[in-house]
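A structural walkthrough
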Amino acid sequence: MFAITLSPRIACADSIFAPVGPVGAGDRIIILDALVIMLAIVVPTIAVTLAFAWWYRASNTRAVYRPDFTYSGRLELIVWSIPTLVIFFVGGVIWIGSHRLDPFQPLPSSAKPLEIEAVAFDWKWLFIYPEQRIASINRLVIPVGRPLHFRITSASVFNAFFVPRLGSMIYAMNGMVSQLNLEAERPGTYLGLSAQFSGDGCSDMKFDSVAVPAAQFASWAAGVEGAPLDRAAVGALLKQSRAVSPTTYRGVDSTLFDAIAQQKLPPGEGPASGRGGPGTQNVMPHGRAP
């Protein structure tokens, strides 16, 4: 009941509490369930603290002063059993939700997932549609009602891909490929961002996630114009830039994403120290190599 009452108050534009897809809805349920469970100990603790402070005030002559009090089995049982139960319940909610919302797990659907390759640069996002051989900077266009399968990496420093209303933030690392499965259930423009500080321009590393009907997406993909995007053209993207306007490309090198993920291309202008270098690619254990 508390979660139902609270939800409309904290739900707002671009909030994880206003989901537009099954993954976002699942994330929201986990957060609200965990909140309600933790309130079972937070609220009584605050109430008891205030009650004790009031009852044992200096002016209350009815309060018994017991300096020799050292132990009570009943109090110990209460003090330890309630937090233990909270840990069990919260742990169970998170355990079940983590498996049900595994970002590597395809969403149940009869439709074929749309393949999207996302690359984090300093400080912008590149989205490659390998089947359509098109790409866009800082604008993610997706069809409504169709599963989306992302492969995500970074051409520079550590980053995090996150569209709050679609759900499930996931990391983007240089030399590593992560995966994410999402779906938008209704049309709209939703905020996307980097949820990990990655330098001075991180605050400008935002993009619009535009969910449109399937027919409109097909029309957009067919009408995308722009210069070809090959390995040579990536050199311009590797340079640090802020608040980059959306740009599109047509004629994308099909091996571009793998070349970036496998560190066959030079990294961006982020910190050069601490990199593993070529041949040290890390692929998340339950993901497939690029």
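Residues numbered from 1 in each chain as written. Predicted model: local features only at pLDDT ≥ 70, side-chain atom pairs only at ≥ 80, totals over all residues. Heavy atoms only, no water.

**Regarding the sheet that holds strand β4 (residues 139–143)**
On the basis of which strands lie adjacent, the open sheet formed by five strands has the order β4-β10-β9-β6-β7 and mixed pairing. Since the sheet does not close on itself, it has two edges, and those belong to β4 and β7 (170–172), each with one partner. This sheet shows a mean twist of 25° between the axes of neighbouring strands, independent of strand direction. In the sheet, strand β9 (residues 188–194) pairs with strand β10 (residues 206–212) via six bridges, with the strands oriented antiparallel. Pairing of L193 across the sheet is with K206, part of β10. (Pairing = 2+ DSSP bridges. Helix = DSSP H or I, 4+ residues; strand = E, 2+ residues; numbered from the N terminus. Axes fitted to C-alpha atoms, helices over the stretch in contact; angles between N-to-C directions.)

**Points about the packing of helix α2 (residues 22–55) against helix α3 (residues 73–100)**
Taken N-terminus to C-terminus, the directions of α2 and α3 make an angle of 175°; their axes are 9 Å apart at the nearest point. Overall, the two elements α2 and α3 adopt an arrangement that is roughly antiparallel. Counting all contacts with α2, which are made through I30, D33, A34, I37, M38 and I41, the residues of α3 involved are I82, P83, V86, F89, V90, V93 and G97. Split by residue class, the contact of α2 with α3 holds 11 nonpolar, one polar and one charged. (Parallel < 35°, antiparallel > 145°, perpendicular 65-115°, else oblique. Contact = heavy atoms within 4.5 Å. Nonpolar A, V, L, I, M, F, W, Y, C, P; charged D, E, K, R; others polar.)

Note that every value here comes from positions in space, so none of it alone points to a role or purpose.
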